[in-house]
Amino acid sequence: MAERDRVVIVGAGPVGLTLALLLGRAGIPAVVLEAEADIAEELRASTFHPPTLDMLDTLGLAEPLIAQGLVTPTWQVRMHETGERAEFDLGVLAADTAHPFRLQAEQHKLSRLLLAALAAEPLVELRFGHAVTSVAQEADRARAGGDGFALDASYVIGCDGARSVVRRAMGLAFEGDTYPETTILATTPFPFHEVMPGLSNVNYVWTESPAFSGTFSLLRVPGRWRASLYPAPDETVEQALAPAAIERKLQAIHPRAERYEVQDLRPYRIHQRIVPTYRVGRLLLAGDAAHLNSPSGGMGMNGGIHDAFELAATLGAVWRGEAEAALLDRYTRRRRPVAEREIIAQADRNRARMRERDPARRRALLEDLRRTAADPVKARAHLLRSSMIAGLREAATIA
Ligand SMILES: Cc1cc2nc3c(=O)[nH]c(=O)nc-3n(C[C@H](O)[C@H](O)[C@H](O)COP(=O)(O)OP(=O)(O)OC[C@H]3O[C@@H](n4cnc5c(N)ncnc54)[C@H](O)[C@@H]3O)c2cc1C
């Protein structure tokens, strides 16, 4: 087999590694080029939705991932001051998925499991410390290169995240915008679940506290809580990041005599962006390289993993000569509308709902969510969408 028959994947994030394992198991040689010396350990995604767990199960990875996470059958929207809440129970999805729950686990745990599985795949080669700086294509091959290396391939797939070089080589715009607010991610081992009655592992919270701009969220992962905090209206981001300001916010969530131990602190900006197409000839995109959304609802990485499954199935058929290369355009037709209409738009609505400041509107939103959560038919419809099942089912019908 000629070296240019292989597939080159740029980026060893959760999406690139999932794709590599799928290709390797399908008998397709692949090389993963990763700029860094190891996979990223920073805290980013922490929620795995049911269909992602169903997909990972086909790779034998759902069980070991579940063993390292928190099975989370409910999530909620709540009013901080009164504790009133609308709680959604994913149990109503028991007939729709083998995993009717969210799994709270850090994304690097999946990446580590993928790395271990890839070590046993003779057709996949991982090259860390290989930053790709140039990507090109001709009629019969694509090429990715960097300092001291150049690889020919049948396809180059950009799984290289928000600042994708593959996307730039494809000449694609990354249309959309950046939200004005900065989110501050703070983690603490303090057990909020022991002091805040009725807390789920995933909580989106409205508050009147002057320490915030109306909202915060509390997400639990094994051994710690991850709080998304927003600067108060009179605070700059720099002021909000000061240890005393973080302490003030955590004390506003739960007052206590001792100071909070803060393990990680990270500000980040959020974008909503998408490319016009996921394929230009022999160059393709998956994951954050193709689409970015607000983390509200926890869908970015999940959507990228769904991209990897769809792309691996399509690319496999084309690579083996069972289908024309034009079938690769179906990948865009199936995945782009899901990213645009389900992931980006839904995350945008989630964000907007939690940023509502008007008390009467908040109350109406809460009552509406409560009615939905209490009605099994409406709750199932709501959860099929927010758990990313509805979008996948619609995409599967696209020819
Ligand atoms: C605070 C936060 C919370 C989030 N929470 C959730 C959540 O709960 N659920 C969810 O689904 N999503 C969530 N997300 C989004 C999620 O983290 C991303 O969608 C996910 O990491 C995308 O995976 P990826 O593999 O596409 O890209 P990345 O994880 O960004 O990986 C890209 C890889 O490519 C490498 N790379 C980049 N450029 C090059 C190059 N030129 N050459 C070689 N290698 C290169 C990088 O080093 C990196 O390893 C969250 C994001 C943030 C910031």
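Above this text is the structure in question.
Residues numbered from 1 in each chain as written. Predicted model: local features only at pLDDT ≥ 70, side-chain atom pairs only at ≥ 80, totals over all residues. Heavy atoms only, no water.

Q: Lay out the sheet that holds strand β17 (residues 264-274) in plain terms, naming residues and giving numbers.
A: Overall, mixed pairing links the eight strands, which are arranged β6-β5-β14-β15-β16-β13-β17-β20 in an open sheet. Strand pairing shows two members of the sheet lacking a second neighbour, β6 (85-89) and β20 (291-292), which therefore form its edges. In the sheet, β17 pairs with β20 via two bridges, with the strands oriented antiparallel. The partner of Arg-273 across the bridge, within β20, is Leu-292. Against the sheet, helix α8 (residues 243-253) touches β13 (175-188), β15 (215-221), β16 (224-229) and β17, its axis set at about 110° to β16. Where helix α10 (residues 328-354) meets the sheet, its contacts fall on β5 (74-79), β13, β14 (202-206), β15, β17 and β20, and the angle it forms with β17 comes to roughly 130°. (Pairing = 2+ DSSP bridges. Helix = DSSP H or I, 4+ residues; strand = E, 2+ residues; numbered from the N terminus. Contact = heavy atoms within 4.5 Å. Axes fitted to C-alpha atoms, helices over the stretch in contact; angles between N-to-C directions.)

Q: Please provide a residue-by-residue account of the site of the ligand, values included.
A: Not every one of the 33 residues close to the ligand is listed here, only the nearest: Glu-34, Gln-107, Asp-288, Met-301 and Asn-302. Backbone polar atom of Gly-298 to a nitrogen atom of the ligand: 3.1 Å apart, as the coordinates give it. One of the backbone N or O atoms of Gly-300 is found 3.2 Å from an oxygen atom in the ligand. Contact with the protein chains hides 88% of the accessible area of the ligand, taken as 1000 Å² for the molecule alone. When contributions to the shell around the ligand are tallied by element, the ones reaching two or more residues are α1 (14-25) and α9 (300-319). Broken down by element, the shell around the ligand gets its largest block of residues, three residues, from α9. Tallied by class, residues from the shell around the ligand come to 16 nonpolar, 11 polar and six charged. (Near = heavy atom within 4 Å. Polar contact = N/O pair within 3.5 Å; in protein donor to acceptor, adjacent residues only side chain to side chain. Areas by Shrake-Rupley, 256 points an atom, 1.4 Å probe, with all protein chains shown as cover. Nonpolar A, V, L, I, M, F, W, Y, C, P; charged D, E, K, R; others polar.)

Q: For the sheet that holds strand β9 (residues 132-137), give the residues involved together with the corresponding values.
A: The pairing of strands in a sheet comes from backbone hydrogen bonds and takes either a parallel or an antiparallel form. Overall, antiparallel pairing links the three strands, which are arranged β9-β10-β11 in an open sheet. Looking at which strands have only one partner, the edges of the open sheet turn out to be β9 and β11 (149-153). Recorded for the sheet is a direction-independent mean angle of 15° between the axes of neighbouring strands. When strand β10 (residues 142-146) meets β11, the two strands line up antiparallel, connected through five bridges. Across the sheet, Arg-143 pairs through a bridge with Asp-152, a residue of β11.

Q: Lay out the side chain of Gln-76 in plain terms, naming residues and giving numbers.
A: Structurally, Gln-76 can be placed in strand β5. Judged by relative accessible area, Gln-76 falls into the buried class, the value being 0%. At a separation of 2.9 Å, a polar atom in the side chain of Gln-76 contacts the main-chain carbonyl oxygen of Gly-198. Among all residues touching Gln-76, those that are not within four sequence positions of it are Arg-85, Ala-86, Glu-87, Gly-198, Leu-199, Ser-200, Val-202, Asn-203 and Tyr-204. (Buried < 20%, exposed > 50% of the residue type's maximum accessible area, 1.4 Å probe, protein only.)

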